[in-house]
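Topology and contacts: notes
Below are the chains, spelled out letter by letter.
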Protein chains: 2
Amino acid sequence: MSAEGRNGNYPGKGIGQPVGVALLGMGTVGTEVLRLINDFSSNLENRIGGPIAVRGVAVSDLSKKRPVLDNFPDIAVTDNARELIDRDDVDVVVEVIGGIDYPRELVLAALKAGKSVVTANKALIAAHADELSDAANEAGVDLYYEAAVAAAIPVVGMLRRSLAGDQVQRISGIVNGTTNFILDAMASTGMGYDEALAEATRLGYAEADPTADVEGHDAASKAAILASMGFHTRVTYDDVHAEGITNITAGDIEAAKAAGFTIKLLAICERLVDDAGVTSVSARVHPTLVPNEHPLATVDKSYNAVFVEAEAAGRLMFYGNGAGGAPTASAVLGDLVGAARNKIHGGRAPAENPYANYTVADFGDVPTRYHIDMSVADRPGVLAEISRRFAAQNISISAVRQEESGDDSRLIVVTHSSLERKLAGIVDELREIDEVKAINSVIRLDA
Amino acid sequence: MSAEGRNGNYPGKGIGQPVGVALLGMGTVGTEVLRLINDFSSNLENRIGGPIAVRGVAVSDLSKKRPVLDNFPDIAVTDNARELIDRDDVDVVVEVIGGIDYPRELVLAALKAGKSVVTANKALIAAHADELSDAANEAGVDLYYEAAVAAAIPVVGMLRRSLAGDQVQRISGIVNGTTNFILDAMASTGMGYDEALAEATRLGYAEADPTADVEGHDAASKAAILASMGFHTRVTYDDVHAEGITNITAGDIEAAKAAGFTIKLLAICERLVDDAGVTSVSARVHPTLVPNEHPLATVDKSYNAVFVEAEAAGRLMFYGNGAGGAPTASAVLGDLVGAARNKIHGGRAPAENPYANYTVADFGDVPTRYHIDMSVADRPGVLAEISRRFAAQNISISAVRQEESGDDSRLIVVTHSSLERKLAGIVDELREIDEVKAINSVIRLDA
């Protein structure tokens, strides 16, 4: 069977029929989803062709008071998610629990039982899109996950549908609000990383354990999803090279500013064509020097923005709130309306479709640019020697800036594009030579 | 029958079957559509589930040489569009002719014959969406028109699907590239309107007859479509208050710049709630003073950008090329893939769905803000008299700036929000009083 599923004809239950919904998870997003279903119920019914009937919610703590449930007096509130999913009157399952293993089991069970699934779970999709898509195709049901990337900014739908007749070349974006808040706070106040993180935590932009955000794991999941959709190739979390922002210092940000750059944590997904004409794709996440005049440089606070470059469409940018209960719930509801419409009217949304099946390039084979900040001995011939090393490796230098600082001299070298492994190699080589006292920072440059 | 169409079940023809396409119109966009179908054919087949089979193209001039047709040696090239549409092996009709009456007749014929339609024709949709949607619903086929607004920027799809579970409050945007190019050229060089228009014409950004662009008619069509989709209410071209940019002078732009504003031609679609709690909607197009720090102020050249504010999603912005052969063709192809997928797999895209059926507010009842630039007599008491007039009309003043200029004095008054008819009324009143020598310009302020 093709990845596009079985042969046509997914009949609907008919206009006016209720669409039964099971909601798994009642955290910030789940609560907001219920609020919107309640507030917009007649609008949703008009848009779907039948009413949304919430059959029940699955929670981990039954004793917790949940005021939003007062609007749904007749629904089941259970800690047995499987039982809720299996109810005959449930057509669509909404998963907003988070985590990977437990929701994977629930989503698979739902799909296999012929229920369509809407999930906001980026980690689940980035790790198991293959298995879940196969199950959805097998059952002829929908698997939607717009909220998994950049909340209400409709990048998944745009790649899934709007650009379906185009060829996506590159996707680059700020897809993690926590790290953008921290970097923006550092840039606008001069504070260090630890202080900015504390501020983000205090204001609710960072979680108690910020690891997934600040180490780039969250952005890597989103990069995997964007690359998979954009390039019709299965790219998983493990395929994404991810570096976080924990090593970025106030000094790095100051130096970047002085040189006309802003440091952003970018997710970059690219279509690459090698000298032999073979196409591969790559997805990576790392701190990146973005020129101040680039629109991504001006994305402040916890906002997200995604650039897409396509062959015919050219450059498109999408900007908005990339996180938060209400924006995430907006995306979940948009998907729920889509899945519910199909339950009423028949048909199926375009599934994840990895027909192109490109090789995912090794990170070392990806062209990047380096901004290398080093302390060098202050004597004649140093620049000549360092330049010779770059030339010997056939790495072209775009700019050099040298500054006195005490006994040593500070040297900043910006390279032209070269393979990541060659650039990493030259940095290793520079570390070993006498002329270089210290490598202060290495940050990639893009956009 | 509901606006959502007949009761479920739109069966597909099955995977691997060709989807027959008739292309009406071979101008810039039509030529680019054929190029993309040719270049991306195997990708399109994989995404659709069956190959695109172009059955023929309808042109007005059969004698014209069209090199792109060399890639399609076996298709019909005809000046009889009706005959092409009526072929049994045509499933989807792509209309990129332009105009209103002739394409209306063709699109209606296609829909009635059970063919899905993809059109890039904003004027057609803004004038006749009701009749065309009814015909599509009756036949159970798709009517797509992403390319009608802002080319490849997927605002129609976003309103149709992504925000289907949210409530759109406001849409404001730069949706006409020609006028944005002209205003940007005036602002960046200081040149006057006529000179900037000549420059736009020379560079291909303005048509030989620029009326539809510079008078705001093109933007008004797009505003009608955005308001219809966003508010689930039928808003037609005739419902849109439209003013163009032909009266904007270099002096206006200079004065705006001095006050921290940029003049943009904005399309503004709003949901309004009156004191009695009754909802109406409005759509308007006019030159607008946008604060320099607003993202729309920085949209330069012929780019388009659309802001959407929704209850749960918050503020979203979409930016890109809003015109041109390739970006428009990208949007057409995205729609074609959607329509073709439904022909293969069954199902139907969400149709225009004006269930909410809000009243379209009279322009006079819409709250706006005025920036009034006038020459006044240079004597004591003038400001007091003018202020008294505003107060008597219960119009609140936000800022006043007075400058000497020869014998007279220049007075700029910026109002707070008030009903358009009251603001227009006070301007009429000011024209009549002795203290006011001339009203130099009246420009609305927004964002």
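Residues numbered from 1 in each chain as written. Chains lettered and ligands numbered in written order. Predicted model: local features only at pLDDT ≥ 70, side-chain atom pairs only at ≥ 80, totals over all residues. Heavy atoms only, no water.

Selection rule: UniProt positions are given in the numbering used here, feature names are shortened, and annotations may be inferred rather than shown by experiment.
The name given to chain A in an unreviewed UniProt entry is Homoserine dehydrogenase, with the source organism recorded as Corynebacterium tuscaniense. For the record of chain A, the UniProt heading Sequence similarities (unreviewed entry) holds the text "Belongs to the homoserine dehydrogenase family." Recorded under Cofactor (unreviewed entry), the UniProt text for chain A is reproduced unchanged: "a metal cation".

1. Describing the overall build of chain A
Note the following rule: Numbering goes from the N terminus for both helices and strands, where a helix is a DSSP run of H or I of at least four residues and a strand is a run of E of at least two. With C-alpha atoms as the basis for the radius of gyration, the globule rule is written as 2.2 Å multiplied by the number of residues raised to the power 0.38. A contact between two residues is defined here by any heavy atoms of the two lying within 4.5 Å. Methods summary: accessible areas were calculated by the Shrake-Rupley approach with a probe of 1.4 Å, and residue burial reflects only the protein chains presented. Only four residue types enter the charge count: Lys and Arg as positive, Asp and Glu as negative, with His and the chain ends excluded. Every charge is mapped to an atom, namely NZ of Lys, CZ of Arg, CG of Asp or CD of Glu.
Helix and strand counts for chain A come out as 14 helices and 19 strands. Over its C-alpha atoms chain A spans a radius of gyration of 24 Å, differing by no more than 12% from the 22 Å that the globule rule assigns to 447 residues. For the C-alpha atoms alone, the extent of chain A along its principal axes is close to 85 × 50 × 35 Å. Residue pairs in contact within chain A that sit at least 24 positions apart in sequence constitute 74% of those at least 6 positions apart. On chain A, roughly 16600 Å² of surface is accessible, and the fraction owed to carbon and sulfur atoms is 45%. Looking at chain A, you have 40 positive and 62 negative side-chain charges, and the mean spots of the two groups are 4 Å apart.

2. Regarding the sheet that holds strand β6 (residues 143-144) of chain A
The strands making up a sheet are joined through hydrogen bonds of the backbone, oriented either antiparallel or parallel. Residue and element names in this part refer to chain A. The condition is simple: Strand pairing follows a simple DSSP-based rule, namely that at least 2 bridges must link the two strands. All axes are obtained by fitting lines to C-alpha atoms, using only the stretch in contact for helices, and the reported angles, taken between N-to-C directions, cover 0 to 180 degrees.
The parallel open sheet is built from 6 strands, whose spatial order is β3-β2-β1-β4-β5-β6. Each having just a single partner strand, β3 (76-78) and β6 make up the two edges of the open sheet. Across 3 bridges, strand β2 (residues 52-58) lies against β3 in parallel orientation. Across the sheet, the residue bridging to Gly56 is Ala76, located in β3. Against the sheet, helix α1 (residues 28-39) contacts β1 (19-24) and β2, and its axis sits at roughly 160 degrees relative to β2.

3. Things to note about the pattern of salt bridges
Note the following rule: For this document, the term salt bridge refers to a Lys or Arg side-chain nitrogen within 4 Å of an Asp or Glu carboxyl oxygen.
Enumeration according to the criterion identifies 54 salt bridges over all chains in this entry. Here Glu243(A) ties to Arg444(A) by a salt bridge, and the two come within 2.9 Å at their closest N and O atoms. Here Glu243(A), found in the loop between β8 (241-242) and α11 (250-258), pairs with Arg444(A), found in strand β19 (residues 436-445); they are 201 residues apart in sequence, far enough to count as distant. Each member of the salt-bridge network shares a partner with another, and the members are Glu32(A), Arg35(A), Asp39(A) and Glu311(B).

4. A look at the sheet that holds strand β2 (residues 52-58) of chain B
All names here are of chain B. Taken in spatial order, the 6 strands of this open sheet run β3-β2-β1-β4-β5-β6, and their pairing is parallel. With partners counted over all chains shown, the strands left at the sheet margins are β3 (76-78) and β6 (143-144), one partner each. As paired strands, strand β4 (residues 92-95) and strand β5 (residues 116-119) are joined by 4 bridges and run parallel to one another. The residue of β5 that forms the bridge with Val93 is Val117. This element, helix α1 (residues 28-39), spans β1 (19-24) and β2 of the sheet and lies at about 160 degrees to β2. Sheet strands in contact with helix α12 (residues 325-345) are β1, β2, β4, β5 and β6, and its direction is about 175 degrees off that of β5.

5. Details of the packing of aromatic side chains
Residues and elements named next belong to chain A. Our working rule: Stacked, tilted and edge-to-face pairs are distinguished by plane angle, under 30 degrees for stacked and over 60 for edge-to-face with tilted covering the rest, among Phe, Tyr and Trp rings (Trp via its six-membered ring) whose centres lie within 6.5 Å. Think of it in three bands: residues with accessible area under 20% of the maximum for their type are buried, residues over 50% are exposed, and the middle band is partly exposed, with areas taken using a 1.4 Å probe on protein chains only.
With the rule as written, the count across this model stands at 5 aromatic pairs over all chains. An angle of 20 degrees between the planes, with centres 5.1 Å apart, marks the rings of Tyr303 and Tyr319 as stacked. Of this pair, Tyr303 sits in strand β11 (residues 303-310) while Tyr319 sits in strand β12 (residues 314-321), and the two are 16 residues apart along the sequence. Exposure remark for Tyr303: the relative accessible area of 23% places this residue in the partly exposed category.

6. Concerning the packing of α1(A) against helix α12 (residues 325-345) of chain A
In a packed pair of helices, the relevant descriptors are the angle between the two axes and the axis-to-axis distance. Residues and elements named next belong to chain A. This is how the line gets drawn: Each angle is binned into one of four classes, with values under 35 degrees roughly parallel, values over 145 roughly antiparallel, values of 65 to 115 roughly perpendicular, and all other values oblique. In this scheme the handedness of a crossing depends on how the near helix is turned from the far one: anticlockwise by less than a right angle means left-handed, clockwise means right-handed. The residue classification treats Ala, Val, Leu, Ile, Met, Phe, Trp, Tyr, Cys and Pro as nonpolar and Asp, Glu, Lys and Arg as charged. All others, Gly included, are polar.
Contact geometry of α1 with α12 gives a least axis separation of 8 Å together with a crossing angle of 60 degrees. Between α1 and α12, the angle falls in the class oblique. Here α1 and α12 pass one another in a crossing that is right-handed. Contacts between α1 and α12 involve Thr28, Val29, Glu32, Val33, Leu36 and Ile37 from the first element and Gly325, Ala326, Thr328, Ala329, Ser330, Val332, Leu333 and Leu336 from the second. Residues that form the contact of α1 with α12 fall into these classes: 9 nonpolar, 4 polar and 1 charged.

7. Regarding the environment of Thr178(B)
Within the secondary structure, Thr178(B) sits in helix α7 (residues 177-189). The exposure class assigned to Thr178(B) is buried, which follows from its relative accessible area of 8%.

8. Description of unusual backbone geometry
All names here are of chain A. In the Ramachandran plot, Ala150 falls in the positive-phi region, its phi being about 60 degrees despite a non-glycine side chain. Along the polypeptide, Ala150 turns up in the loop between β6 and α6 (155-162). Overall, the relative accessible area of 1% leaves Ala150 in the buried class. Even without a glycine there, the phi angle at Asn394 is positive, about 65 degrees. One can find Asn394 in the loop between α13 (382-392) and β16 (397-405). Look at Asn394 and you get exposed, because its relative accessible area is 63%.

9. Let's talk about the pairing of strand β10 (residues 279-291) of chain A
All names here are of chain A. β10 sits mainly inside the fold: 12 of its 13 residues count as buried. Sheet topology note: the β8/β10 ladder contains 2 bridges and is parallel. Bridging across to β10, His241 finds its partner in Arg284. Note: strand β9 (residues 261-273) against β10, 13 bridges, orientation antiparallel. Paired with Arg271 across the two strands is Val281, which belongs to β10. With antiparallel pairing between neighbouring strands as the criterion, β9 and β10 make up a hairpin whose turn holds 5 residues, including Gly277 at a positive phi of roughly 85 degrees. Judged from the 2 bridges that link them, β10 and strand β13 (residues 359-360) form a sheet pairing that is parallel. Pairing of Ser280 across the sheet is with Thr359, part of β13. The sheet contact formed by β10 and β19 spans 2 bridges and is parallel. Across the sheet, the residue bridging to Thr288 is Arg444, located in β19.

10. Structural notes on the interface of chain B and chain A
Applied cut-off: Once two parts are brought into contact, the accessible area they lose, counted with a 1.4 Å probe and summed over both, makes up the buried area.
Counting from both sides, the interface comprises 58 residues of chain B and, opposite them, 58 residues of chain A. Counting each side, the surface lost to burial between chain B and chain A is near 4800 Å², with a carbon and sulfur contribution of 49%. At the boundary of chain B and chain A, one finds 2 salt bridges. With a shortest N-O distance of 3.4 Å, Glu311(A) and Arg35(B) are connected by a salt bridge. Counting residues per element, the ones that place at least two in the side of chain B that touches chain A are α1, α2 (41-48), α6 (155-162), β12 (314-321) and α12 of chain B.

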